[in-house]
Amino acid sequence: MSETGFVGEPIVVASPNVEYSKNEIISRYEYRESRVNGNIVTPLNENLTFKTQRKIPKTGVLLVGWGGNNGTTLTAGILANKLKTTWMTKEGEQHANFLGSICRSVTMRIGIDNNLQPVYAPLFGVIPMLNPTDLDIWGWDISNMSIANAMVRARVFDYDLQRKLYPELKDMIPWPSVYSEDFIAANQSERANNIIHGTKQEQLQTLRQNIRDFKQSRGIENVIVLWTANTERYAELREGLNDTADNLLRSIEADASEIAPSTLFAVASILEGCTYINGSPQNTFIPGVIELSERHQVLIAGDDFKTGQTKIKTVLCDFLINSGLKLASVVSYNHLGNNDGKNLSAPKTFRSKEISKSGVIDDVIRANRLIYGENEHPDHCVVIKYVPYVGDSKRAMDEYTSEIFMGGRNTIVLHNTCEDSLLAAPIILDLILLAELCTRVQIKRTQDEEFSRMHPVLSILSFLLKSPQVPSGSPIVHSLFNQRYSITNFIRALVGLPPETFMLLEHKIP
Ligand code: NAI
């Protein structure tokens, strides 16, 4: 351990409740909750056993929308880290890094040392995690531009960095993709020159074949498919069309026009046994897709990457309301000039984003009926405008007005400027790394039970998503720090450590 209380080596938990074998970590864990009945609260303990496979399979990710700003930034960013690329800017020499990734750049407290001081370790030091530079990346795009040229088109990376990475990326040409003019903005049609033709069933077969080829040609054991293509409009939910897994598969066979491209990708991925992650706000996970994932026990996660404004919003709402202030109005303006902004300038795709951004303060309000009435909630308005000049550098302006003590008012105004894709890429990476970890975790309740995989709907990834999908009946948590501790406490559970309590009782008891 270093003098700063940091453990660089993988940690080993010495406890009778944890066994480390060559291939697995088995942890017996006491999960504590309380059951509430009227005003009677009964503490409950449940004994769970976690089994985590230590060997990380060769993993590949297939990006849908690979040639977009996020897809190229992620691909080129990982490559730069792999090659240890340096580049010059007017600020001097720059080095590749993974800032913004909780898996690579965040530590968690693991305990105290002999002087009762806290000790920290990186997440990947507590449980084996995929190293991003070992990840194989490929993907689909409706534009056939190479990833090198698409990186240049994105105007996200500095010129010198683009120049250094260009030769490595020039032969990466996305596979043709499923395109439907009806589901994204009409202004995207000019880049759609790389399309899989045929019926929906034929398109599905092509996507499945692509996934198989990727696996076979590179010896990949585990594939994750991730949607970072343009935001689609919401698909209609209709009985008989997409309400069950069987109806959905039948509708694909019947070439029903209301099946969105993203839904076809999700179905292909699930049928191939590959985890599917939705990074955009549309309702890809219609009931038929969720049922299909449960039937095949394939993990899914979504929706909509949580980058700047929403992250701050969940933190500020948590801070204000949990300080006892009555947040009364939240107004968010955004303008951006990248292709995502262009696509969102159409009302039907904007609506998907608006829905996704609107629900993020609900749970904090629901938890506090002392200051909010049963159906009361703050005014919440979201505006997004397309301003080409600012490119990927998104501007977000937020105003938070709260009622404070004895009739007072408090208004906080924020202005945030940031390269959108440089925030999104590390979040995409975390989604991949944590989803991969979840594929290696199994759980059982009693000793005689067989181990089973985690619930297919990965709510554990909520920290990274604006509008988290959760298992049916499970509450949606938006509060950012609760989401973060649900990840680190889960990792602690995998190695038999109790959840972080922050009580520091060793310093409070004389
Ligand atoms: P982008 O517009 O630069 O990239 C999207 C790519 O998807 C384009 O290359 C386009 O040709 C391709 N595409 C469109 N339809 C396709 C289809 N059916 N199949 C395959 N490719 C298709 O957008 P960007 O900035 O990379 O964002 C991607 C998605 O991530 C958007 O939906 C956006 O709303 C979402 N997102 C982005 C965040 C960010 O901070 N960058 C945050 C939250 C969500």
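A brief structural summary. All of these numbers come straight from a predicted model, not from anything done at the bench.

Brief notes about the overall build of the chain
Of the regular secondary structure elements, the chain holds 15 helices and 18 strands. Radius of gyration (C-alpha) of the chain: 23 Å, near the 24 Å computed for a compact globule of 510 residues. Dimensions along the principal axes, computed over C-alpha positions, put the chain at roughly 70 × 65 × 60 Å. Residues counted as buried form 54% of the 510 residues belonging to the chain. Across the chain, the fraction of contacts at a sequence separation of at least 24, relative to all contacts at a separation of at least 6, is 72%.

Some details on helix H9 (residues 287–296)
Taken residue by residue, H9 has Gly 288, Val 289, Leu 292 and Ser 293 as its buried positions. Seen from one end, H9 has its buried residues packed into an arc of 135°, which puts them on one side. The secondary structure elements touched by the buried residues of H9 are helix H7 (245–253), helix H8 (261–271) and strand S12 (300–302). Positive phi shows up at Gln 297, right after H9, with a value of about 55°.

Observations concerning the site of the ligand
Within the structure, the ligand sits among 29 residues, and Asp 141, Ser 177, Val 178, Arg 191 and Asn 339 are positioned closest to it. A distance of 2.7 Å is found between an oxygen atom of the ligand and a side-chain nitrogen or oxygen belonging to Arg 191. At a separation of 2.9 Å, an oxygen atom of the ligand approaches a polar side-chain atom of Asn 230. Within the complex, 99% of the 840 Å² of free accessible area of the ligand lies under protein. Where the shell around the ligand is concerned, the elements lending two or more residues are helix H1 (69–82), helix H11 (339–344) and helix H14 (420–439). Its residues assigned to classes, the shell around the ligand comprises nine nonpolar, 13 polar and seven charged.

Looking at the side chain of Asn 283
Checked against the element boundaries, Asn 283 lands in the loop between strand S11 (275–278) and H9. Those residues in contact with Asn 283 that sit more than four places away from it in its chain are Arg 233, Tyr 234, Ala 235 and Leu 237.

Some points on the pattern of salt bridges
Evaluation of the coordinates by the stated rule reveals 22 salt bridges. Between Asp 136 and Lys 58 there is a salt bridge; the shortest N-O distance is 3.2 Å. On the criterion of sequence distance, the pair formed by Asp 136 in strand S9 (residues 136–140) and Lys 58 in the loop between strand S3 (40–53) and strand S4 (59–64) is long-range, its members being 78 residues apart. For Asp 136, a relative accessible area of 15% translates into the label buried. Residue Glu 291 is joined to Arg 295 by a salt bridge in which the shortest nitrogen-to-oxygen separation is 3.5 Å. Within this pair, Glu 291 and its partner Arg 295 are both found in helix H9, separated by four residues, close to a single helical turn. Relative accessible area serves as the criterion here: at 29%, Glu 291 is assigned to the partly exposed category. Judged by its relative accessible area of 41%, Arg 295 is partly exposed. When salt bridges that share partners are traced, they join Lys 58, Asp 136 and Arg 218 into one network.

Points about the pairing of strand S6 (residues 92–95)
As paired elements, strand S5 (residues 86–89) and S6 share four bridges and run antiparallel to each other. What sits directly across from Thr 89, in S6, is Gly 92. Following S5, the chain reverses through two residues before pairing antiparallel with S6.

Notes on a nonpolar patch on the surface
Taken together, Ile 404, Phe 405 and Met 406 make up a surface patch of nonpolar side chains, about 400 Å² in accessible area. Summarising the element assignment, Ile 404 is placed in strand S15 (residues 393–404).

About the thresholds
- Residues numbered from 1 in each chain as written.
- Predicted model: local features only at pLDDT ≥ 70, side-chain atom pairs only at ≥ 80, totals over all residues.
- Heavy atoms only, no water.
- Helix = DSSP H or I, 4+ residues; strand = E, 2+ residues; numbered from the N terminus.
- Rg over C-alpha atoms; globule rule 2.2 N^0.38 Å.
- Buried < 20%, exposed > 50% of the residue type's maximum accessible area, 1.4 Å probe, protein only.
- Contact = heavy atoms within 4.5 Å.
- Arc of directions from axis to C-beta.
- Near = heavy atom within 4 Å.
- Polar contact = N/O pair within 3.5 Å; in protein donor to acceptor, adjacent residues only side chain to side chain.
- Areas by Shrake-Rupley, 256 points an atom, 1.4 Å probe, with all protein chains shown as cover.
- Nonpolar A, V, L, I, M, F, W, Y, C, P; charged D, E, K, R; others polar.
- Salt bridge = Lys/Arg side-chain N within 4 Å of Asp/Glu carboxyl O.
- Pairing = 2+ DSSP bridges.
- Patch = residues over 30% accessible without salt bridge, like charges linked within 9 Å, V, L, I, M, F, W, Y side chains within 5 Å.

Read these as spatial facts, not as claims about activity.
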